[in-house]
Amino acid sequence: MKKETYEILWKDGIKAKAEQIVNDNAGKVVFDSEAKERIYKEYSKLRDYTKISFMRNPDGLLDRHKVCACLIIAIVKSKPLVYEDNDDNFGMKGIFNENLAMTVGLSLLYNFIISSDQNNQKWLKNGFSYPNTIRDATYQELLCLMLYYDIKNNQYSILALSNILFMIEAYTKQCNIENGE
Amino acid sequence: MMLSMAEMVVLVVTVLVAGAGSSILLYFLQKRSKSKTMMPLLDFTKNTTYGKMLNSDVSVDEIIADFKLLD
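All figures in this text were calculated on a predicted structure; none of them were measured in a lab.

Each value, and the rule that gives it
- Residues numbered from 1 in each chain as written.
- Chains lettered and ligands numbered in written order.
- Predicted model: local features only at pLDDT ≥ 70, side-chain atom pairs only at ≥ 80, totals over all residues.
- Heavy atoms only, no water.
- Helix = DSSP H or I, 4+ residues; strand = E, 2+ residues; numbered from the N terminus.
- Buried < 20%, exposed > 50% of the residue type's maximum accessible area, 1.4 Å probe, protein only.
- Areas by Shrake-Rupley, 256 points an atom, 1.4 Å probe, with all protein chains shown as cover.
- Expected span 1.5 Å × (residues − 1).
- Polar contact = N/O pair within 3.5 Å; in protein donor to acceptor, adjacent residues only side chain to side chain.
- Core = buried A, V, L, I, M, F, W, Y, C linked by side-chain atoms within 4.5 Å.
- Contact = heavy atoms within 4.5 Å.

1. A closer look at the overall build of chain B
The helix and strand tally for chain B stands at 3 helices and 0 strands. Tracing chain B from N to C terminus, the helices and strands come up as α-α-α. Burial analysis of chain B (71 residues in total) assigns 10% to the buried set. Summing over all exposed atoms, chain B offers an accessible surface of approximately 6500 Å²; the carbon and sulfur share of this is 69%.

As structure tokens, this is what we get:
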């Protein structure tokens, strides 16, 4: 990813969503703008690791799901949103960094899909679809929880997250095409 | 004791019907157990090798121009 590309992602994606989260959660969380370089470095590290470990041609490009997975993990690991209250003993905190990361990652995936074929707007015009869950947490919240615990315990998998992103894309397409979109 | 003609016919028909019934039952049982053992697992692993994955031909740099943040 070129620096110019990252600048757009930072300004229109990461920073924009982070500021929205900070505004909606005043007094709970602040935005660390120094995370900009941290995220870029972390993304580059994860991207290179993925290319070397899993791709036939380490000099070639990654597919869209792996690119987005690397970006999501890089954002969560870099923690651009910092809790104002450092007391960790008061119970559950918001999963703000994970929410930010998933929003930006899925937005980038959306861009990739639309760019590959403008006809994809037909089934993607309402954004991504997610399966219903049985309990009170939504699928998106469960994804954020998964990211939180996996990265906290250093047990994340770029391939697994990439696979989940593929499934979200396939599920959205299937749901909307079945509904005649 | 000799069986009458009518009794003989009933006996033969009963044996034939019972035989056909068991054959049909066995056929379906066999088919069911076959479909259970032939789970798609075989197809799933048929071409599995531990090679690396194919690269993409689209760069993130090419698609970023119209970046839109989803809600």
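From this point on, the discussion continues.
2. Considering unusual backbone geometry
Residues and elements named next belong to chain A. A positive phi angle, near 45°, is found at lysine 79, a position not held by glycine. Assignment of secondary structure puts lysine 79 in the loop between α3 (64-78) and β2 (81-83). In this structure, asparagine 154 is a non-glycine residue whose phi angle is positive, near 55°. With respect to the helices and strands, the residue asparagine 154 is situated in the loop between α6 (139-152) and α7 (158-178). The exposure class assigned to asparagine 154 is exposed, which follows from its relative accessible area of 57%.

3. Side note on helix α4 (residues 96-116) of chain A
Note: α-helices contain 3.6 residues per turn, so residues at a spacing of three or four share the same orientation. For α4 of chain A, which comprises 21 residues, the first-to-last C-alpha distance of 30 Å matches the rise-based estimate of 30 Å (1.5 Å per residue) to within 8%. Extensive coverage of α4 of chain A is indicated by the burial of 18 of its 21 residues.

4. Focus on the environment of threonine 133 of chain A
All names here are of chain A. Here threonine 133 lies in the loop between α5 (121-124) and α6. Its relative accessible area of 30% is what places threonine 133 among the partly exposed residues. Between the C-alpha atoms of threonine 133 and isoleucine 158, which are 25 residues apart in sequence, the distance is 24 Å. Within polar-contact distance, the side chain of threonine 133 engages the backbone oxygen of alanine 137 at 2.5 Å.

5. Quick look at the nonpolar core
Leu108 and Phe128 of chain A are the most contacted members of the largest nonpolar core, which totals 59 residues. At the level of elements, α1 (3-24), α2 (35-54), α3, α4, α5, α6 and α7 of chain A together with α3 (60-63) of chain B are the ones that each hand at least two residues to this core. Sequence-distant contacts of phenylalanine 128 of chain A, that is, excluding residues within four places in its chain, are made with Leu106, Leu109, Tyr110, Ile113, Ile168, Glu169 and Thr172 of chain A together with Leu70 of chain B.

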